[in-house]
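Here is how the chains run, residue by residue.
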Amino acid sequence: MRVETVCVSAGRIDGPGEPLNVPPVFASSFRTGGEHDYARNEGTPTWAALEDAVGRLEGGTATAYASGMGAVAAIVDLLPPGSRVVVPWDSYTAVRHLVAARGHTVDLQDITDTEATLSKADGAALLWLESPTNPLMDVADLPALCAADTLVAVDNTFATPLLQQPLTFGADIVMHSGSKYIGGHADLLMGLTVTADPELVDRMRALRVLSGATPGGMEAFLATRGLRTLPLRVRQAQESAGELARRLEQHPRVTRVRYPGLPGDPGHTRAAKQMSGFGAMLSFEVAGDAAAADALCAALTVVNAATSLGGVESTIERRARLAGQEHVPPSLLRLSVGCEHVEDLWADLDAALRA
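Because the structure is predicted, anything quoted here is derived from the model rather than measured.

**Some thoughts on the pairing of strand 7 (residues 191-195)**
For strand 7, a buried count of 5 out of 5 residues is recorded, marking the element as mostly surrounded by other parts of the structure. Burial along strand 7 is two-sided: Gly191, Thr193 and Thr195 and Leu192 and Val194, pointing in opposite directions, are all buried. Where strand 1 (residues 61-65) meets strand 7, 5 bridges bridge the pair, whose relative direction is antiparallel. From the neighbouring strand, Thr61 faces strand 7, where its bridge partner is Thr195. Of the strand pairs in this sheet, strand 6 (residues 173-177) and strand 7 are connected by 4 bridges, and their pairing is antiparallel. Paired with Ser177 across the two strands is Gly191, which belongs to strand 7.

Take a look at the structure:
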């Protein structure tokens, strides 16, 4: 089945009289003798529905966690003590902090340099990848890097399973912050990992049991419900993102735009080869300094000045204001394009830029 059909149909209970949607199961304990015993150990039917759907989209077996960082922690906890982990120099800051907090060595790398990345991954315990990266929108050569002779994990949150399936390139594990595009409505915390290796599935689920990083019943239900409309939301948001990127590129108050869909973007050729679409995330630099970028955010009325991304609502954030983002240009804004009408988004951005 095509991904649109999988999003709508996967994870449902088959049979006459069954509900069309798996309901939220609010239970920690189940009667002995069935598939479930204690929720932390075996999960619940609500978790299973979400895991079935996401696993089918990515081509593996999914495991759900209480948050995206819960999923990251499960991957990092696979490593032996004192490991070396190669991490993109432009990536989600909390990943680097977690790796260091677990006592591992963080080895930062520009992942657009494929040969240098493969060389640095030699002897490492884990190669962590983002593509596109957060927030500079760099694109990694995933087919080449996923062939590295080490454990390879790919954060696929920006691309979603609809636009990119890293397991098909040879990645060992795919990670998603389900709080973002999968949930899609900025109303839940959720993390997911997907792997096609049965041994890794068992190990990661055992780590979930031990850490207690288990998703709530309502959150799992909402994430599954959000997943049903993922193709519609991504299609609308991606179309608008491409149009906004083209217009921003021509705006006199914008000095640079990063979006893989732009023909002149450094990652365009790679993205066109390994992605079925360019996504709905972009970043741009405002003429002036950090104060100018902050003023733009304050002037917006349709786009929301807020952290996070991947929801039906468009959000914008100056990432350099956060600790650990010193490599980000001070006037760079990360824009997550939502499902509003593109002309309303453009009118809002244009007015704020001119103001």
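**Looking at the side chain of Thr150**
Along the chain, Thr150 turns up in the loop between helix 7 (142-145) and strand 5 (151-155). With sequence-adjacent residues up to four places away left out, Thr150 is seen in contact with Ala121, Ala124, Ala125, Leu126, Leu127 and Asp172.

**Description of the sheet that holds strand 10 (residues 304-305)**
A sheet is described by the order of its strands in space; here 5 strands give the open sequence 8-9-12-11-10, paired in mixed fashion. Two strands lie at the open edges of the sheet, namely strand 8 (254-258) and strand 10, each paired on one side alone. Relative to strand 12 (residues 332-336), strand 9 (residues 281-286) is paired through 5 bridges, and the arrangement is antiparallel. Among the inter-strand pairings, Met281 is bridged to a residue of strand 12, identified as Ser336.

**Re helix 4 (residues 68-76)**
The buried fraction of helix 4 amounts to 8 of the 9 residues, a majority that puts the element mostly inside the structure. Those residues of helix 4 not exposed but buried are Gly68, Gly70, Ala71, Val72, Ala73, Ala74, Ile75 and Val76.

**What about the nonpolar core?**
Counting 63 residues, the largest nonpolar core has Leu282, Phe284, Ile316, Leu335 and Leu349 as the members making the most contacts within it. The element that contributes the greatest number of residues to this core is helix 11 (residues 230-249), accounting for 7 residues. Residues within four places of Leu349 in sequence aside, it is in contact with Leu244, Phe284, Leu300, Val303, Ile316 and Leu335. Ranked by size, the runner-up nonpolar core spans 24 residues in total, among them Ala74, Leu98, Ile173 and Leu207.

**Digging into the side chain of Thr114**
With respect to the element layout, Thr114 can be found in helix 6 (residues 114-121). Within the structure, the side chain of Thr114 is placed 3.0 Å from the side chain of Arg270, a separation counted as a polar contact. Residues in contact with Thr114, not counting those within four places in the same chain, are Asp141, Ala144, Leu145 and Arg270.

**Some words on the environment of Lys273**
Looking at the element boundaries, Lys273 is found in helix 12 (residues 268-274). Through-space distance from the C-alpha of Lys273 to that of Asp187 is 33 Å; in sequence the pair is 86 residues apart.

**Overview of unusual backbone geometry**
For the bond from Ser131 to Pro132, the omega torsion is -5 degrees, close enough to zero to count as cis. Residue placement: Pro132 occurs in the loop between strand 4 (126-130) and helix 7. For the peptide bond that leads from Asn134 to Pro135, omega is 15 degrees, which places it in the cis range. Turning to its location among the elements, Pro135 is positioned in the loop between strand 4 and helix 7. Look at Met137: it is not a glycine, yet its phi comes out positive at around 65 degrees. By the element assignment, Met137 lies in the loop between strand 4 and helix 7. Within the chain, Ser308 stands out as a residue other than glycine whose phi angle is a positive 70 degrees. Structurally, Ser308 is set in the loop between strand 10 and strand 11 (315-317). We classify Ser308 as partly exposed; its relative accessible area is 28%.

**Quick look at the packing of helix 10 (residues 217-228) against helix 11**
Contact geometry of helix 10 with helix 11 gives a least axis separation of 5 Å together with a crossing angle of 60 degrees. When the axes of helix 10 and helix 11 are compared, the pair comes out oblique. Between helix 10 and helix 11, the contacting residues are Gly226, Leu227 and Arg228 on the first element and Leu230, Pro231 and Arg233 on the second. Residue classes in the contact of helix 10 with helix 11 are distributed as 3 nonpolar, 1 polar and 2 charged.

**Focus: the sheet that holds strand 7**
On the basis of which strands lie adjacent, the open sheet formed by 7 strands has the order 1-7-6-5-4-2-3 and mixed pairing. Strands at the two margins of the open sheet, each flanked by one partner only, are strand 1 and strand 3 (105-109). Along the sheet, successive strands turn relative to each other by an average axial angle of 20 degrees, direction set aside. Bridge count between strand 2 (residues 84-88) and strand 3: 5 bridges; the pairing is parallel.

**Focus: the state of the cysteines**
Defined simply, a disulfide is a covalent bond joining two cysteines at their sulfur atoms. One pass over the structure, following the stated rule, counts 0 disulfides. Just so you know, Cys339 is unpaired, no disulfide at all, and the nearest cysteine sulfur is the one on Cys7, 14 Å from it.

**Examining the environment of Arg334**
Within the secondary structure, Arg334 is located in strand 12. The sequence separation of Arg334 and Glu219 amounts to 115 residues, and the corresponding C-alpha distance is 26 Å.

**Some words on the pattern of salt bridges**
Considering all chains together, one arrives at 15 salt bridges under this definition. Across the salt bridge formed by Arg258 and Asp265, the nearest N and O atoms sit 2.9 Å from each other. Both residues of the pair, Arg258 and Asp265, count as buried. Put simply, Arg319 and Glu317 hold a salt bridge, and the shortest N to O gap is 2.7 Å. Exposure remark for Arg319: the relative accessible area of 4% places this residue in the buried category. If you follow the salt bridges from partner to partner, you end up with Glu243, Arg246, Arg247 and Glu343 in one network.

Calculation rules
- Residues numbered from 1 in each chain as written.
- Predicted model: local features only at pLDDT ≥ 70, side-chain atom pairs only at ≥ 80, totals over all residues.
- Heavy atoms only, no water.
- Buried < 20%, exposed > 50% of the residue type's maximum accessible area, 1.4 Å probe, protein only.
- Helix = DSSP H or I, 4+ residues; strand = E, 2+ residues; numbered from the N terminus.
- Pairing = 2+ DSSP bridges.
- Contact = heavy atoms within 4.5 Å.
- Core = buried A, V, L, I, M, F, W, Y, C linked by side-chain atoms within 4.5 Å.
- Polar contact = N/O pair within 3.5 Å; in protein donor to acceptor, adjacent residues only side chain to side chain.
- Axes fitted to C-alpha atoms, helices over the stretch in contact; angles between N-to-C directions.
- Parallel < 35°, antiparallel > 145°, perpendicular 65-115°, else oblique.
- Nonpolar A, V, L, I, M, F, W, Y, C, P; charged D, E, K, R; others polar.
- Disulfide = S-S within 2.5 Å.
- Salt bridge = Lys/Arg side-chain N within 4 Å of Asp/Glu carboxyl O.

Don't take any of this as a statement about function, it's just geometry.
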